[in-house]
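Structural overview for review
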Amino acid sequence: MSTGVLLLHGSSGTPDVGRARVLEAAGYDVLAPTWFDARVSEVPLESFPLDELAARNDRLVVMGTSFGAEAALLLGTVDDRIDGVVAQAPSAYVWSWIEDGVQTSHWTWQGKSLPFVPFDLDWEPAEDPPAYVDGYRQRLRKFPAEATDAEIPAERFRGELLLLAGGDDKVWPSAEFAEQLVRRRGSLVTEVLVSEEAGHRVILPGEQPKNAGQQMARGGSEDADRAFGVRAWPHILRLLEV
């Protein structure tokens, strides 16, 4: 039985080529597309190349990091061909893009924008490089009604979910989001791994640290992120091998 893996990068906009090679070496058919250019705005969930993977594989797994984890979780709720999702630094909500003062949803489905949590235009990071984790928490506090509407309905995904989160994530509170997703899932098959020392980016065995993307604080350390990757790797392989 063959497994196709759709591998979705985060806000860096750069495909996770090193991770794709690691997964390919383990025997999996991997697509790692560049899924946006400069704007994570109203990206159609239908635009991800699942059809291509489904045409040549028996099983489908979507792996995503950060904004890519947001996409992976949403894809699981709308495409019943997906057997498993691995969400690293997951979100529990749909977020917004802002350009020239106009806010839009990250995603659309069947031509409709998904509800999103707006930016709080009064919030500014206090650190340099900036840490955005408290900004995301502030957005949820300031816009509770919008946040409720923007919850990712992880309970609609009937496959297996693996959540990987760093307790020292400085980008957004991924460990808190993972806990929320677990609660929404109820009795559905869900595994969550948290490393209190790791940050936003896990480094799997055989990977090199990824340096692309906006300058920001991501938390963790190379040692902690590598150690979490070593711990997470057999759990990823188990999900892929089901």
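Refer to the structure above for everything that follows.
Heads up: these notes are all about the structure in this document. Given the structure is predicted, the values throughout are model-derived calculations rather than measurements.

Before going further, it helps to examine the overall build of the protein chain. Scanning the protein chain from N- to C-terminus turns up 7 helices and 11 strands. Expected size for 242 residues packed as a compact globule is a radius of gyration near 18 Å; at 17 Å, the protein chain falls within 12% of this value. Each principal axis of the C-alpha atoms in the protein chain carries an extent, and together these give about 50 × 40 × 35 Å. Evaluated residue by residue, the protein chain yields a buried proportion of 54% over its 242 residues. Intrachain contacts of the protein chain at a sequence separation of at least 6 include 71% that bridge at least 24 residues. Of the side-chain charges in the protein chain, 23 are positive and 38 negative, and the distance between the mean point of each set is 2 Å.

What follows concerns helix α6 (residues 174–185). When the terminal C-alpha atoms of α6 are compared, their 16 Å separation across 12 residues agrees well with the 16 Å that a helix rising 1.5 Å per residue should span. Regarding α6, the residues found buried are Ser174, Ala175, Phe177, Ala178, Gln180, Leu181, Arg184 and Arg185. Contact partners of the buried residues in α6: α3 (67–78), α4 (133–142), β10 (160–166) and β11 (190–195).

In this structure, Leu6, Trp35, Phe48, Leu75 and Trp107 are the most contacted members of the largest nonpolar core, which totals 46 residues. The set of elements that each furnish at least two residues to this core consists of β1 (3–8), α2 (50–56), β4 (59–65), α3, β5 (84–88), α4, β10 and α6. The leading source of residues in this core is α3, at 7 residues. Excluding residues that lie within four positions of it along the chain, Leu75 makes contacts with Leu6, Leu8, Leu45, Phe48, Leu50, Val62 and Ile82. Counting 23 residues, the second largest nonpolar core, distinct from the first, contains Tyr28, Leu162, Ile236 and Leu239.

Moving on, we come to the packing of aromatic side chains. Inspection of every chain in the model, using the stated rule, returns 13 aromatic pairs. Ring geometry for Phe48 versus Trp107: centroids 6.3 Å apart, planes at 45°, classification tilted. With Phe48 in the loop between β3 (43–44) and α2 and Trp107 in strand β8 (residues 107–109), the pair connects residues that are 59 residues apart, well separated along the chain. Feature note: the residues Phe67, Tyr93, Trp95, Tyr136, Trp172 and Phe177 constitute an aromatic cluster, connected by ring pairs. Here the guanidinium or amino end of Arg139 rests over the ring plane of Phe119, the centre of that ring lying 4.1 Å away. Above the plane of the ring of Tyr93 lies Arg184, whose end atom (NZ or CZ) is 5.2 Å from the centre.

Quick look at the sheet that holds strand β9 (residues 112–113) now. Strand order in this open sheet of 3 strands is β3-β8-β9, and the pairing throughout is mixed. Each end of this open sheet is capped by a strand with a single partner; those strands are β3 and β9. In terms of strand pairing, β8 meets β9 through 2 bridges, oriented antiparallel. Its bridge partner being in β9, Thr108 is matched across the sheet by Ser113.

It is worth spelling out empty space enclosed by the protein at this point. Tallying each qualifying case throughout the model produces 1 cavity of 30 Å³ or more. There is about 60 Å³ of room inside the largest cavity. If you go around the largest cavity, the residues you meet are Leu7, Arg19, Met63, Gly64, Thr65, Val86, Gln88, Leu164, Leu204 and Ile236. Where the lining of the largest cavity is concerned, the elements lending two or more residues are β4 and β5. Here the lining of the largest cavity takes 3 residues from β4, the largest share from any one element. Split by residue class, the lining of the largest cavity holds 6 nonpolar, 3 polar and 1 charged.

What counts and how
Residues numbered from 1 in each chain as written. Predicted model: local features only at pLDDT ≥ 70, side-chain atom pairs only at ≥ 80, totals over all residues. Heavy atoms only, no water. Helix = DSSP H or I, 4+ residues; strand = E, 2+ residues; numbered from the N terminus. Rg over C-alpha atoms; globule rule 2.2 N^0.38 Å. Buried < 20%, exposed > 50% of the residue type's maximum accessible area, 1.4 Å probe, protein only. Contact = heavy atoms within 4.5 Å. Lys, Arg positive; Asp, Glu negative; His and termini not counted. Charge placed at Lys NZ, Arg CZ, Asp CG, Glu CD. Expected span 1.5 Å × (residues − 1). Core = buried A, V, L, I, M, F, W, Y, C linked by side-chain atoms within 4.5 Å. Phe/Tyr/Trp six-rings, centres within 6.5 Å; stacked < 30°, edge-to-face > 60°. Lys NZ or Arg CZ within 6 Å of the ring centre and 35° of its normal. Pairing = 2+ DSSP bridges. 1 Å grid on protein atoms, 1.4 Å probe; cavity = no way out; pocket = protein on both sides within 12 Å on 5 of 7 lines; lining within 4 Å. Points joined across faces, edges and corners; volume = space filled by probe spheres on them. Nonpolar A, V, L, I, M, F, W, Y, C, P; charged D, E, K, R; others polar.

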